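Chain residues, written in single-letter form:
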Amino acid sequence: MSDTEDIFDDESSSSESSSDEDIEETNFSSDSGTEDDFSLPSKDTQYMEKYMDLPVSNRIVSSLMDPLLNKGYCLYTDNFYTSPTLAYALADEETDTVGTVRVTRKDVPAKIKGTKLKKGEKVAEFRKKSMVLKWKDKKDVCVLSTMHDDSMVKVKSRRGKEMYKPKAVADYNANMGGVDLSDNLLVHFSTARNRLKKYYKKVFRHLLDISVVNCYVTYRVLGGKVVRREFILRVSERLIMKYAEERPVPLRRPPRLAAKPSRLIGRHFPEYCPPTDKKKRPQRTCAQCRKNNIRRDSSYWCKDCEVGLCVAPCLRDWHTKE
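Here is what the cut-offs are and how they apply
All chains use their own residue numbering, which begins from 1 and follows the written sequence. Only residues with pLDDT of at least 70 are given local features in this predicted model, and only at 80 or more are side-chain atom pairs given and counted; all residues enter the totals for whole chains, interfaces and linings. The basis for the side-chain values is all heavy atoms of the structure; hydrogens and waters are excluded. A carboxyl oxygen of Asp or Glu within 4 Å of a side-chain nitrogen of Lys or Arg is what we treat as a salt bridge. Under the scheme used here, helices are H or I runs from DSSP no shorter than 4 residues and strands are E runs no shorter than 2 residues, and both carry numbers assigned from the N terminus. Each residue gets one of three labels from its accessible area relative to the maximum for its type: buried under 20%, exposed over 50%, partly exposed in between, using a 1.4 Å probe on protein chains only. Here a cavity means grid points, on a 1 Å grid over the protein atoms only, where a 1.4 Å probe fits yet cannot get out; a pocket means an open set of points with protein on both sides within 12 Å along at least five of seven lines; lining residues are those with an atom within 4 Å of a point. Grid points are joined across faces, edges and corners, and a volume is the space filled by probe spheres set on the points. Gly is placed with the polar residues, together with every amino acid not listed as nonpolar (Ala, Val, Leu, Ile, Met, Phe, Trp, Tyr, Cys and Pro) or charged (Asp, Glu, Lys and Arg). Axis lines are fitted to C-alpha atoms, over the contacting stretch for helices. Their N-to-C directions set the angle, which ranges from 0 to 180 degrees. Crossing handedness: left-handed means the near helix sits turned counterclockwise from the far one by under a right angle, and right-handed means the same turn made clockwise. Whether two residues are in contact is decided by their heavy atoms, any of which lying within 4.5 Å being enough. For Phe, Tyr and Trp, rings pair up if their centres lie within 6.5 Å, where Trp contributes its six-membered ring, and each pair is then called stacked (planes under 30 degrees apart), edge-to-face (over 60) or tilted (otherwise). Pairs of N or O atoms are called polar contacts if they sit within 3.5 Å, as long as, within protein, a hydrogen donor faces a hydrogen acceptor (for residues adjacent in sequence, only side-chain-to-side-chain pairs). Strands are treated as partners if at least two bridges between them are detected by DSSP.

Enquirer: Please explain the pattern of salt bridges as it appears in this structure.
Expert: Pairing is possible between side chains that carry opposite charge, provided their charged atoms lie close to one another. Considering all chains together, one arrives at ten salt bridges under this definition. Close ionic contact of Asp66 with Lys50 constitutes a salt bridge, the shortest N to O distance being 3.0 Å. With Asp66 in the loop between helix H3 (56-65) and strand E1 (74-77) and Lys50 in the loop between helix H2 (18-25) and H3, the pair connects residues that are 16 residues apart, well separated along the chain. Given the relative accessible area of 57%, Lys50 is considered exposed. Residues Lys129 and Asp92 are paired through a salt bridge, measuring 3.6 Å at the closest nitrogen-oxygen approach. Placement of the pair is Lys129 in the loop between strand E3 (122-127) and strand E4 (130-136) and Asp92 in helix H4 (residues 84-92), with a sequence separation of 37 residues. Shared partners join several salt bridges into a network, and the residues in it are Arg316, Asp317 and Lys321.

Rendered as structure tokens:
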């Protein structure tokens, strides 16, 4: 029996999460939600010389798309890469682009930034070869396209409800489904944490999340029915069982107790205060009475503590109470 069969032989029949439902409705081809090939841009990444003057996000897209320019392709991007500057440059190379865009991007029309919409309303602005459209669904959706107008189309939601969406939004959802699904899956049960200060730790944990997502998608394609949370728990348990090392538990030292004052340790006896040059039977102020804000003199003292004390009850209290 394989490890996979061993881990998931008692598949759960519990209800699926929303992300699991997304996986079931996907055909698991190029839009399956898996990430098969990627690279991490860094200061050592080599870009094409002619794109070095562009912003980093535009530089990445332009370098990757260079062999495909002037061939009539359409590029779909998310809001990290989409910008009017990139759209204009690609349009000049006979390449269309469609993508969500951040309203804070440079050259996004002020009309798009400032207009407040109610659900179902839209506003669009056309410049050069591009259109920037903002549409209100549950929240504002801003899209940039060089191949669409602001027309609306009827679509069906996952629950079968008919609704109208901008054609640009509908096409974006249809063509970016795998990327958005992958991003959605990576958000849930992520091992990465914002408090991690070392970038390489964040990169490692992100790669770990991608590996787990890819494994889960493959598992579902092969007919698995365990929900994702249970899948991650079982994989974690198996990895711990296989690779965890048994280490002896270090013995902890007992906590150190604060040193007690010397007056509380040992044996103490009252004695007469030693005579001075002026007095044969001198008196000293009682230290215990002074602690209680009482002024009282005594002929007795504790030689070890070198303080005056009344015989009773101050002598006992001084040597027993902290």
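Enquirer: Help me out: how do you make sense of empty space enclosed by the protein in this one?
Expert: It is a probe the size of a water molecule, rolled over the atoms, that shows where empty space is left. Within the structure shown, the criterion is met by one cavity of 30 Å³ or more. Here the largest cavity defines a volume of roughly 40 Å³. What lines the largest cavity is Pro84, Tyr88, Asp107, Pro109, Glu125, Arg127, Ser130, Val132 and Leu144. Those elements that place two or more of their residues in the lining of the largest cavity are H4, E3 and E4. Class assignment for the residues of the lining of the largest cavity results in five nonpolar, one polar and three charged.

Enquirer: Is there a simple way to explain the packing of helix H8 (residues 199-221) against helix H9 (residues 228-243) in this structure?
Expert: A pair of packed helices is captured by two measures, namely the crossing angle of their axes and the spacing between those axes. Contact geometry for H8 and H9: axes closest at 11 Å, N-to-C directions at 115°. By crossing handedness, the relation of H8 to H9 is classed as right-handed. Between H8 and H9, the residues in contact are Val212, Val213, Cys215, Tyr216 and Tyr219 and Arg228, Phe231 and Ile232, respectively. Tallied by class, residues from the contact of H8 with H9 come to seven nonpolar, no polar and one charged.

Enquirer: Whenever I open this one, the packing of aromatic side chains confuses me. Can you help?
Expert: Where two aromatic rings form a pair, the distance of their centres and the angle of their planes describe that pair. Scanning all chains against the criterion turns up six aromatic pairs. A ring pair is formed by Tyr272 and Tyr300, whose centres lie 4.9 Å apart and whose planes are at 25°; its orientation type is stacked. Separated by 28 residues along the polypeptide, Tyr272 in strand E8 (residues 270-272) and Tyr300 in strand E11 (residues 300-302) bring together distant segments of the chain. Judged by relative accessible area, which is 47%, Tyr272 ranks as partly exposed.

Enquirer: Quick question: what am I supposed to make of the side chain of His319 here?
Expert: Among the secondary structure elements, His319 is positioned in helix H11 (residues 314-320). A polar contact is formed between the side chain of His319 and the backbone oxygen of Leu315, at a distance of 2.9 Å. In this view, His319 contacts Arg263, Leu264, His268, Cys302, Cys305 and Leu309; residues no more than four positions away in its chain are not counted.

Enquirer: I tried to follow the sheet that holds strand E12 (residues 307-308) on my own but got confused; where do I start?
Expert: Strand order across the open sheet formed by three strands is E8-E11-E12, with antiparallel pairing between neighbours. Both outer strands of the open sheet, E8 and E12, are each paired with one neighbouring strand and no more. Note that E8 and E11 share three bridges and pair antiparallel. Its bridge partner being in E11, Tyr272 is matched across the sheet by Tyr300.

Enquirer: Explain the sheet that holds strand E2 (residues 96-100) to me, please; I cannot follow it from the model alone.
Expert: Hydrogen bonding along the main chain pairs the strands of a sheet, whether they run parallel or antiparallel. Pairing is mixed in the open sheet, where five strands are placed in the order E1-E2-E5-E4-E3. Pairing within the sheet leaves two strands with one partner each, and these edge strands are E1 and E3. When the angles between neighbouring strand axes are averaged without regard to direction, this sheet yields 15°. The pairing of E2 with strand E5 (residues 140-145) spans three bridges and is antiparallel. In the sheet register, Val98 faces E5, and the bridge partner there is Ser145.

Enquirer: Help me understand the pairing of E3 in this model?
Expert: On a regular strand, one side chain projects to one face of the sheet and the next to the other, so that they alternate. Pairing geometry for E3 and E4, over six bridges, is antiparallel. Opposite Glu125, over in E4, you have Val132 as the bridge partner. Between E3 and E4, which pair antiparallel and follow one another directly, the connecting turn spans two residues, one of which, Lys128, has a positive phi of 50°.

None of the figures reported here should be taken as evidence of function without further support.
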